[in-house]
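Remarks on the overall topology
Listed below are the residues making up each chain.
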Amino acid sequence: MSLLYFVYYLSYLNSGSNILAIDISSSSLRVANQRLSRSGAMSISNISFEKCSLLDMNLDTKFDYINSVGVLHHLQRPEEG
């Protein structure tokens, strides 16, 4: 499944929540942003997008839930993820 479907699902199940979607692909983020805007999901939850690697995330950032799909097996050292 793509980033788009997970963010869409999370926004509808958790209306009013803050959701950060990250990806290393600018085009994936652009498509997700466009489609989520058209679907109305952007008005249900506070969704933001960031182009970065999982390994570049700020370790001080706190999350209530993390959903990582199709990422760890691509890392040279998955335990770092």
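As the structure is a prediction and not an experimental result, all values here were calculated from the model. (Residues numbered from 1 in each chain as written. Predicted model: local features only at pLDDT ≥ 70, side-chain atom pairs only at ≥ 80, totals over all residues. Heavy atoms only, no water.)

1. Observations concerning helix 2 (residues 26-39)
The cut-off we apply is this: The helix count covers DSSP runs of H or I at least four residues long, the strand count covers runs of E at least two residues long, and both are numbered beginning at the N terminus. Any helix carries an expected span of 1.5 Å times its number of residues minus one. Relative accessibility decides the category of a residue: with a 1.4 Å probe and only protein chains considered, values under 20% of the type maximum give buried, values over 50% give exposed, and everything between is partly exposed. Summarising the geometry, the arc corresponds to the directions from the helix axis toward the C-beta atoms. Only heavy atoms matter for contacts: two residues are in contact if any of them lie within 4.5 Å across the pair.
In this model, helix 2 (14 residues) spans 20 Å end to end at C-alpha, consistent with the 20 Å of a helix rising 1.5 Å per residue. Every buried residue of helix 2 is listed here: Leu29, Ala32 and Leu36. Within helix 2, the buried residues cover an arc of 65° as seen down the axis, which keeps them to one side. On the buried face of helix 2, the contacting elements are helix 1 (3-13), strand 1 (18-23), helix 3 (41-44) and strand 2 (46-51). One or two positions beyond helix 2, positive phi appears at glycine 40, with a value near 95°.

2. Considering the confidence of the model for the chain
Inclusion rule: The quantity known as pLDDT measures the predictor's confidence residue by residue, on a range of 0 to 100.
In the predicted model, the chain carries a mean pLDDT of 86, and the fraction of residues at 70 or more is 99%. The least confident element of the chain, judged by mean pLDDT, is helix 1 at 85; the most confident is strand 2 at 93.

3. What about the nonpolar core?
Condition: Here the nonpolar core consists of buried residues drawn from Ala, Val, Leu, Ile, Met, Phe, Trp, Tyr and Cys, with membership extended through side-chain atoms lying within 4.5 Å.
Core analysis: the largest hydrophobic core is formed by nine residues, namely Leu4, Val7, Leu10, Ile19, Ala21, Ala32, Leu36, Ala41 and Ile47. At the level of elements, helix 1, strand 1 and helix 2 are the ones that each hand at least two residues to this core. The dominant element in this core, judged by the number of residues it contributes, is helix 1, at three residues. In this structure valine 7 touches Ile19, Ala21, Leu36 and Ile47, once residues within four positions along its chain are discounted.

4. As for a nonpolar patch on the surface
Keep this limit in mind: Note on patches: the residues involved have over 30% relative accessible area and no salt bridge, like charges join within 9 Å, and the nonpolar side chains Val, Leu, Ile, Met, Phe, Trp and Tyr join within 5 Å. Per-residue and other accessible areas were derived by the Shrake-Rupley procedure at a 1.4 Å probe size, with only the shown protein chains allowed to occlude residues. Whenever Lys or Arg places a side-chain nitrogen within 4 Å of a carboxyl oxygen from Asp or Glu, that contact is recorded as a salt bridge.
Together, Leu20, Phe63 and Ile66 make up an exposed nonpolar region whose accessible area comes to about 290 Å². Inspection of the secondary structure puts isoleucine 66 in the segment after strand 2. According to the relative accessible area criterion, isoleucine 66 is exposed, its value standing at 65%.

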